[in-house]
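What follows is each chain in one-letter form.
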Amino acid sequence: MACSAGGSSPSTTSHGNATGSGGTSGTVVSNGGNTGINTGPGTGMGSTTDPNDTRDLPVRKQSCDANNQNCTCLRLGMLGTLASAADDPDSQAFQSWLNTNAMGTATLTTVPTKPATIDAAFLANYDILLIANVLTWTLSDQEKAAIQNWVTTTGGGIVTITGFVSTGPERDASSQFTSFAGVTYGTASQGTADETAPASGQSYPVFYKGGSVDLKNCLFWNGGSSTHTQPGITTPIQFTPQTDAELSKLTLNLNYVGAFIGWPVTAPAGATVLAKDPVTNGNMAVALEYMGKGRILSFGDEWVIYTNEWTPTGTPSNNQMDSGNPCWEPAVGTAPGFFQSVETLYQTKQFWFNVINWVAPPNECAFTITDPDVVVK
């Protein structure tokens with residue numbers, strides 16, 4: 001997630017390798033809780049604000065240090081941890097992708113424990129909040145009001161994910177950050193220690209680009225190995241394409257992501273439901289622009305951060321490269337053939353790019369990601 005340091009064009013479509021074409025691969029700079037995404041000095045930017053974004057908000061400017069280095073376009077704060085009760089909760093691919101696949105610069109600051117006070121001074125450090133596992137966090141009425149004010153006066157964006165432990169208290173803790181806008185998980189007032197999230201449709205089929213052949217078994221790789229084979233037990237969550245100029249950012253090149261036993265999202269008036277659980281019919285992705293200012297995206301699960309939802313590990317259990325293997329996609333024109341996998345059937349990387357692109361306040365940054373799996377527009 002980042003913005004272009006050069007800003008030569010407001011948008012690009014990436015089909016290159018991990019370091020891009022003509023760009024410099026990102027280097028991670030660690031400074032306490034801060035993880036910096038740096039690709040060199042700032043070179044100045046013309047206005048690349050989205051013409052479809054008509055919100056009446058100040059445009060975020062790129063800032064650099066005194067040496068015109070370590071520039072920052074957008075500042076993301078991840079509140080809580082990524083700790084989960086899932087069997088395969090490795091999230092390294094997610095974190096590495098944020099830190100190394102960006103053209104330009106951004107910063108991700110992790111805040112694993114609740115600060116003494118969440119107030120205007122604390123929130124002024126961020127443009128976007130990513131709410132992760134905040135099970136132990138309790139917000140006062142004053143802190144909730146500060147978050148609401150940050151959203152309405154600065155255009156701060158909020159992204160929430162949940163399902164780390166799938167209990168009522170966890171759901172309620174996550175809902176604290178967006179309840180002012182009516183976006184919550186389940187019924188926040190009825191959480192108990194024994195309450196758990198509803199089961200999801202693990203056996204539900206997944207298709208490729210509108211096809212009719214169920215390719216769910218193609219999510220199981222490694223020939224039965226237990227390493228990163230978990231996508232096979234997920235529910236395919238399919239997104240509804242949006243036609244609105246701004247909301248279309250959220251569904252660009254996005255078909256499915258996987259989820260496993262998360263919480264449904266309450267959609268208040270004015271919100272857009274982007275995806276539903278195909279079995280429970282619960283809302284899985286809800287987007288809301290609050291009072292024409294800041295934006296909120298709530299997703300009803302946390303598996304979108306797991307390595308097993310990003311890329312396959314090892315080799316497919318069936319290596320036939322012919323019509324006898326439904327997981328083999330033959331070459332078309334100059335495009336080579338490939339084995340279907342979590343990387344082709346789920347668009348998890350695209351999901352994250354789209355979400356950050358949409359929730360970001362008006363800014364000079366032109367988002368791009370140097371990853372062949374991500375279309376940037």
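Everything here concerns the structure above.
The present account deals with the structure reproduced in this document. Here the structure is a predicted model, which means the values were calculated and not measured.

### A short note on the overall build of the chain
Reasoning step 1: Check the secondary structure of the chain and you find 7 helices and 13 strands.
Reasoning step 2: When the 377 residues of the chain are sorted by exposure, 54% land in the buried category.
Reasoning step 3: Within the chain, contacts between residues separated by at least 24 positions form 74% of all contacts whose residues are at least 6 apart in sequence.
Reasoning step 4: Carbon and sulfur atoms make up 52% of the accessible area of the chain, which totals about 15,300 Å².

### Side note on helix 4 (residues 168–175)
Reasoning step 1: In terms of burial, helix 4 is largely enclosed, as 7 of its 8 residues are buried.
Reasoning step 2: Where helix 4 is concerned, the buried positions are Gly168, Glu170, Arg171, Asp172, Ala173, Ser174 and Ser175.

### Structural notes on the environment of leucine 82
Reasoning step 1: By secondary structure assignment, the location of leucine 82 is in the loop between strand 3 (75–79) and helix 1 (92–100).
Reasoning step 2: Along the sequence, leucine 82 and threonine 162 sit 80 residues apart, while their C-alpha atoms lie 9.9 Å from each other.
Reasoning step 3: If we skip the residues at most four places from it in the chain, leucine 82 touches Ser91, Phe94, Gln95, Ala132, Phe164 and Ile305.

### Here we look at the nonpolar core
Reasoning step 1: By size, the foremost hydrophobic cluster in this structure holds 48 residues, and its most contacted members are Phe239, Phe299, Phe351 and Trp352.
Reasoning step 2: Elements with a contribution of two residues or more to this core: strand 3, helix 1, strand 5 (128–131), strand 8 (256–259), strand 9 (272–276), strand 10 (283–289), strand 11 (295–299) and helix 7 (348–359).
Reasoning step 3: Looking at this core, the element that brings in the most residues is helix 7, giving 7 residues.
Reasoning step 4: If we ignore the near neighbours within four places in the chain, the residues touching phenylalanine 299 are Thr160, Ile161, Thr162, Tyr185, Ile237, Phe239, Val257, Val265, Met284, Ala285, Val304 and Phe351.
Reasoning step 5: By size, the runner-up hydrophobic cluster in this structure holds 29 residues, among which are Leu123, Leu139, Ile158 and Val286.

### Things to note about the packing of aromatic side chains
Reasoning step 1: On inspection of all chains with the given rule, the structure shows 13 aromatic pairs.
Reasoning step 2: Taking NZ or CZ as reference, arginine 171 lies 4.6 Å from the ring centre of tryptophan 263, over its face.

### A few points about the pattern of salt bridges
Reasoning step 1: Considering all chains together, one arrives at 14 salt bridges under this definition.
Reasoning step 2: The partner of aspartate 50 in a salt bridge is lysine 249, and the shortest N-O contact between them spans 2.8 Å. Placement of aspartate 50 in the loop between strand 2 (34–38) and strand 3 and of lysine 249 in helix 5 (residues 248–251) is noted, with a sequence separation of 199 residues between them.
Reasoning step 3: Of the charged contacts in the structure, one is a salt bridge between aspartate 127 and arginine 60, with a shortest N-O distance of 2.0 Å. Residue aspartate 127 is found in the loop between helix 2 (120–123) and strand 5, and its partner arginine 60 is found in the loop between strand 2 and strand 3; the two are separated by 67 residues along the sequence.
Reasoning step 4: Exposure remark for aspartate 127: the relative accessible area of 1% places this residue in the buried category.
Reasoning step 5: One network of salt bridges, with partners in common, ties together Asp50, Asp53, Arg55, Glu246, Lys249, Glu289 and Arg295.

### Topic: the state of the cysteines
Among covalent bonds in proteins, the disulfide is the one between the sulfur atoms of two cysteines.
Reasoning step 1: Evaluation of the coordinates by the stated rule reveals 1 disulfide.
Reasoning step 2: At a sulfur-sulfur separation of 1.9 Å, the disulfide partner of cysteine 218 is cysteine 327. Classification of the bridge connecting cysteine 218 and cysteine 327 rests on its S-S torsion, roughly -95°, and on that basis the disulfide is left-handed. In this pair, cysteine 218 is assigned in the loop between helix 4 and strand 7 (235–238) and cysteine 327 in the loop between strand 11 and strand 12 (328–329), connecting sequence segments 109 residues apart.

### Digging into the side chain of glutamate 246
Reasoning step 1: When you line up the elements, glutamate 246 lands in the loop between strand 7 and helix 5.
Reasoning step 2: Within polar-contact distance, the side chain of glutamate 246 engages the side chain of arginine 295 at 2.8 Å.

### Points about the environment of alanine 245
Reasoning step 1: Position of alanine 245 among the secondary structure elements: in the loop between strand 7 and helix 5.
Reasoning step 2: Residues alanine 245 and aspartate 53, 192 residues apart in the sequence, show an inter-C-alpha distance of 8.7 Å.

Thresholds applied
Within each chain, residue numbers correspond to sequence positions counted from 1 in written order. The predicted nature of this model means local features are confined to residues of pLDDT at least 70 and side-chain atom pairs, given and counted, to a pLDDT of 80 or more, with totals for whole chains, interfaces and linings taken over all residues. Each side-chain value is derived from all of the structure's non-hydrogen atoms; neither hydrogens nor water enter the calculation. Working definition: helices are DSSP H or I runs of at least four residues, strands are E runs of at least two. Numbering for both runs from the N terminus. Each residue's exposure class comes from its accessible area (1.4 Å probe, protein chains only) as a fraction of the maximum for that residue type: buried when under 20%, exposed when over 50%, partly exposed otherwise. Two residues qualify as a contact provided that any one of their heavy atoms is within 4.5 Å of a heavy atom in the partner residue. All accessible areas in this document rest on Shrake-Rupley with a 1.4 Å probe, and a residue is counted as covered only by the protein chains that are shown. We define the nonpolar core as a collection of buried residues of types Ala, Val, Leu, Ile, Met, Phe, Trp, Tyr and Cys that are connected through side-chain atoms lying within 4.5 Å of one another. Pairing of aromatic rings covers Phe, Tyr and Trp, the last counted by its six-membered ring, and requires centre-to-centre distances within 6.5 Å; plane angles under 30 degrees mean stacked, over 60 mean edge-to-face, and any other angle means tilted. Two conditions define a charge sitting above a ring: the NZ of Lys or the CZ of Arg must be within 6 Å of the ring centre, and it must be within 35 degrees of the ring normal. By convention in these notes, a salt bridge is any Lys or Arg side-chain nitrogen within 4 Å of a carboxyl oxygen on Asp or Glu. In what follows, a disulfide is any cysteine sulfur pair within 2.5 Å. Here a polar contact is recorded for every N or O atom pair within 3.5 Å, except that within protein the pair must consist of a potential hydrogen donor and a potential acceptor, and residues adjacent in sequence are included only if both atoms are side-chain atoms.

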